[in-house]
Amino acid sequence: MKRKPLIIGELKAECPLIQGGMGVGISLSHLAGAVAKEGGIGMISTAQIGFREPEFEQAPIETNLRCIGKELEKARKIAPEGVIGCNIMVATRRYEDYVRAAVKAGADLIASGAGLPAKLPEFTRGFRAKLAPIVSSVKAAAVICKLWDRHYQTAPDLVIVEGPEAGGHLGFDEETLSHLETLDYGKEIRGVVAHVRQYEEKYGKKIPVVAGGGIYTRKDAEYYLEELGLDGIQVSTRFVTTEECDAPAAYKQAYLDARKEDIVITKSPVGMPGRAIRNRFLEEMKKVRKPVTKCFQCLEKCNPKETPYCITEALVNAAKGKIQDALLFCGAKAYLAERIETVHEVMADLT
């Protein structure tokens, strides 16, 4: 069947697929531009986006802010007519500055999770960017909608529901993550849709709901698009093993080599559970603390004196191909990767 386009106000993506943001250095201009060129929505992760620049170590935040515009510009050259946005974590230090840099640089969409983006409408006032909070529960969706309604007289332009099979930091406790086989997450998603509908009526606009987390096959996509009747899907892990992904070859190979038992839940330095590929680094971090010698100003609530290791250093190592000394975030179905595909092949298969 032919998929309906994903329409967010005046934005239109012919393919109802958002490529999820993957930091550090995994979803930058090359991947986002390729997805947008194919008719989906390409997302650039702003997490330590400037890590390759020579001045990054001395001035990480300022370097990152400058590189947001640089990456958006490169993505636009790949897909001049495409929909391209930025994924910005609420937990980011100087979050407001990152958001303002992205909208000033012309991002079409700001997707924001890893915390509640309570003030996102304030930081984007006067710009055309559409706003998409990333939530994991009806409760979180309700809080955001209520806050935006009360303080800014607005509602989200899009809601992204990220489930427990996603990669990276997760908005679920470890107990929930250990019992996925008994979890009916579709019920939670339906609850989010029902809640959002109230605000559609109030603000006279369609608010699409998109789901992500564990979407790897066509069957997965059909469940969300047809059985749940959602407006779109968010896919991240499947794009890692594409030619266009910004990750190095060694990172992609780690996905190809991963078995199901290699996909594990780990606790990130900031206390949140996350999903990653088991490697030497994760095994070592179970036994010893790796003192932080240089702070890269990444997360608001990170205390370098107490954190078990520097998450920026671990993720930069991944983005540079130092696989055994890295934190390799991934989705629950990363082990399904068997070969390097193209973005075109992935999107044709899913939608």
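Just above, that's the structure.
Quick summary incoming for the structure in this document. Everything numeric here is computed off the predicted structure, so don't read it as measured data. Throughout this document, residue positions are counted from 1 along each chain, in the order its sequence is written. pLDDT decides what is reported in this predicted model: residues at 70 or higher carry local features, side-chain atom pairs at 80 or more are listed and counted, and totals for whole chains, interfaces and linings draw on all residues regardless. Excluded from the side-chain calculation are hydrogens and water; included are all heavy atoms of the structure.

**Brief notes about the state of the cysteines**
Here is step 1 of the chain: Throughout, a disulfide means two cysteine sulfur atoms within 2.5 Å of one another. Tallied over the full model, the rule gives zero disulfides.
Here is step 2 of the chain: Looking at the unpaired C245, the closest cysteine sulfur is the one in C330, lying at 13 Å.
Here is step 3 of the chain: Cysteine C302 remains unbridged, with the sulfur of C298 as its closest cysteine sulfur at 5.6 Å.
Here is step 4 of the chain: A 1.4 Å probe rolled over the protein chains alone gives each residue an accessible area, and that area as a share of the maximum for its type sets the label: buried under 20%, exposed over 50%, partly exposed in between. Here C302 falls in the buried class, since its relative accessible area comes to 19%.

**Quick look at the sheet that holds strand β13 (residues 273-277)**
Here is step 1 of the chain: With antiparallel pairing, the three strands of this open sheet are ordered in space as β9-β13-β12. The open sheet is flanked by β9 (168-169) and β12 (263-267), the only strands paired with a single partner.
Here is step 2 of the chain: Between any two strands, pairing holds if DSSP finds at least two bridges. Secondary structure is summarised from DSSP: a helix means a run of H or I of at least four residues, a strand means a run of E of at least two, and numbering begins at the N terminus for each. Two elements, β12 and β13, share five bridges in a ladder whose sense is antiparallel. Its bridge partner lying in β13, V264 is registered against A276.

**Observations concerning the nonpolar core**
Here is step 1 of the chain: Of all hydrophobic cores here, the largest spans 55 residues; its most connected members are L17, F239 and Y251.
Here is step 2 of the chain: Here this core takes six residues from helix α7 (residues 185-203), the largest share from any one element.
Here is step 3 of the chain: When sequence neighbours within four positions are dropped, the list of residues in contact with Y251 reads I26, V240, A318, I323, L328 and F329.
Here is step 4 of the chain: Grouping buried Ala, Val, Leu, Ile, Met, Phe, Trp, Tyr and Cys residues that are joined through side-chain atoms within 4.5 Å yields what is termed a nonpolar core. Within the second largest apolar cluster, 30 residues are counted, among which are C67, A79, L120 and A129. A contact between two residues is defined here by any heavy atoms of the two lying within 4.5 Å.

**Points about the side chain of T312**
Here is step 1 of the chain: Looking at where T312 falls in the secondary structure, it is placed in helix α12 (residues 311-319).
Here is step 2 of the chain: Judged by its relative accessible area of 2%, T312 falls in the buried class.
Here is step 3 of the chain: Beyond its immediate stretch of four places on either side in the chain, T312 contacts Q48, F56, F296 and C298.

**Describing the pattern of salt bridges**
Here is step 1 of the chain: Take a side-chain nitrogen of Lys or Arg and a carboxyl oxygen of Asp or Glu: if they are within 4 Å of each other, that pair is a salt bridge. For the structure shown, the criterion picks out 30 salt bridges.
Here is step 2 of the chain: Overlapping salt bridges bring together R218, R238, R339, E341, E345 and D349 as one network.

**Topic: unusual backbone geometry**
When glycine is set aside, most residues are seen to have a negative phi, and most peptide bonds are trans.
Here is step 1 of the chain: Cis geometry is adopted by the peptide bond preceding V24, which originates at G23 and carries an omega value of 5°.
Here is step 2 of the chain: Assignment of secondary structure puts V24 in the loop between β3 (17-19) and α1 (29-37).
Here is step 3 of the chain: Look at Q153: it is not a glycine, yet its phi comes out positive at around 50°.
Here is step 4 of the chain: Residue class for Q153 comes out exposed when judged on its relative accessible area of 54%.
Here is step 5 of the chain: Despite not being glycine, Q297 has its phi angle at roughly 55°, a positive value.
Here is step 6 of the chain: Within the secondary structure layout, Q297 lies in the loop between α11 (280-285) and α12.

These results come straight from atomic positions and should not be treated as a statement about function.
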